[in-house]
Amino acid sequence: MSSKNSQLSALIETALVAAFAMALSYIPDFASWFTPSFGAVPVVLFALRRGPKYGTLAGLIWGLLHFILGKVWYLALSQVIIEYIITFISMGLAGFLSAPFQNALSKDNKGRALIYSTIGATLAVFVRYFWHYVAGFIFWGSYAPKGMSPYLYSLSVNGTAGLLTLVFVILALAIIIPTQGKIFLVKK
Ligand code: 218
């Protein structure tokens, strides 16, 4: 494929992945703010396929779609910038592991591929929920149960949501790498 065409393919995939992640954001938050972020699954998988540039772009678009669709919880401007822009962009950080990950995959070393992708997923989810934690104790502290410190409250809420999110992403990787590993490799 010419470089223009492959760039266009990458951008089309970016838009589709961001839209799919946003659709997953409509799964009801059955456990309030403890609910995991299911859209993290496609965005992390995509970042591992296309690298950090398109991965962070997909995350950014996913975050911006919340504004268009009226799904933003607004407490302050700085809070919204942290929680709907910085955090969602962070999901693309998994793409920084895409080179060693794809190298392992192309050599059919699925164990190594799972290790690198898990590191990438952990990096992305950790950075994202670190910022939710920071926003949590600054802006959401008044929602803490009586007598609980905002730091502990935010850590328990965002630590749980982050861990659950990471479990779903790693589960998806563990299923897809051995069975559908080709989806991570871009045809040249
Ligand atoms: C303690 C606490 N409660 C709520 C929030 C807000 N928050 C948490 C996770 C994810 C998102 C983005 C939308 O899915 C938001 C706004 C928080 N940070 N801390």
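The shown structure was predicted, so the numbers you read here are calculated from the model rather than taken from an experiment.

### Points about the pattern of salt bridges
Two side chains of opposite charge can pair, provided their charged atoms sit close to one another.
For step 1, the next point in the chain: According to the stated counting rule, one finds 3 salt bridges in the structure shown.
For step 2, the next point in the chain: Residue arginine 49 is joined to glutamate 13 by a salt bridge in which the shortest nitrogen-to-oxygen separation is 2.8 Å. Placement of arginine 49 in helix H2 (residues 40-50) and of glutamate 13 in helix H1 (residues 3-24) is noted, with a sequence separation of 36 residues between them. Each of the two residues, arginine 49 as well as glutamate 13, counts as buried.
For step 3, the next point in the chain: Across the pair glutamate 13 and arginine 50 runs a salt bridge, and its minimum N-O distance is 2.9 Å. With glutamate 13 in helix H1 and arginine 50 in helix H2, the pair connects residues that are 37 residues apart, well separated along the chain. Both residues of the pair, glutamate 13 and arginine 50, count as buried.

### Digging into the site of the ligand
For step 1, the next point in the chain: Around the ligand, the surrounding shell consists of Trp33, Glu83, Tyr84, His132, Gly136, Trp140, Tyr153, Val157 and Asn158.
For step 2, the next point in the chain: Contact distances for the ligand include 2.9 Å between a nitrogen atom and a backbone N or O atom of histidine 132.
For step 3, the next point in the chain: Protein chains bury 92% of the 450 Å² of accessible surface belonging to the ligand in isolation.
For step 4, the next point in the chain: More than half of the atoms belonging to the ligand lie within 2 Å of the grid points that define the largest pocket.
For step 5, the next point in the chain: Counting only elements with at least two residues in the shell around the ligand, the list comes to helix H4 (77-90), helix H6 (110-139) and helix H7 (150-180).
For step 6, the next point in the chain: Among the residues forming the shell around the ligand, the class breakdown is 5 nonpolar, 3 polar and 1 charged.

### Description of the packing of aromatic side chains
For step 1, the next point in the chain: Within this structure, the stated rule accounts for 12 aromatic pairs.
For step 2, the next point in the chain: When the centroid spacing of 4.7 Å and the interplanar angle of 45 degrees are considered together, the rings of phenylalanine 137 and tyrosine 151 count as tilted. Of this pair, phenylalanine 137 sits in helix H6 while tyrosine 151 sits in helix H7, and the two are 14 residues apart along the sequence.
For step 3, the next point in the chain: Using a relative accessible area of 22% as the deciding quantity, one classes phenylalanine 137 as partly exposed.
For step 4, the next point in the chain: Of the aromatic side chains, those joined through ring pairs into one cluster are Trp33, Trp73, Trp140 and Tyr143.

Rules behind the numbers
- Residues numbered from 1 in each chain as written.
- Predicted model: local features only at pLDDT ≥ 70, side-chain atom pairs only at ≥ 80, totals over all residues.
- Heavy atoms only, no water.
- Salt bridge = Lys/Arg side-chain N within 4 Å of Asp/Glu carboxyl O.
- Helix = DSSP H or I, 4+ residues; strand = E, 2+ residues; numbered from the N terminus.
- Buried < 20%, exposed > 50% of the residue type's maximum accessible area, 1.4 Å probe, protein only.
- Near = heavy atom within 4 Å.
- Polar contact = N/O pair within 3.5 Å; in protein donor to acceptor, adjacent residues only side chain to side chain.
- Areas by Shrake-Rupley, 256 points an atom, 1.4 Å probe, with all protein chains shown as cover.
- 1 Å grid on protein atoms, 1.4 Å probe; cavity = no way out; pocket = protein on both sides within 12 Å on 5 of 7 lines; lining within 4 Å.
- Sits in = over half its atoms within 2 Å of the grid points.
- Nonpolar A, V, L, I, M, F, W, Y, C, P; charged D, E, K, R; others polar.
- Phe/Tyr/Trp six-rings, centres within 6.5 Å; stacked < 30°, edge-to-face > 60°.

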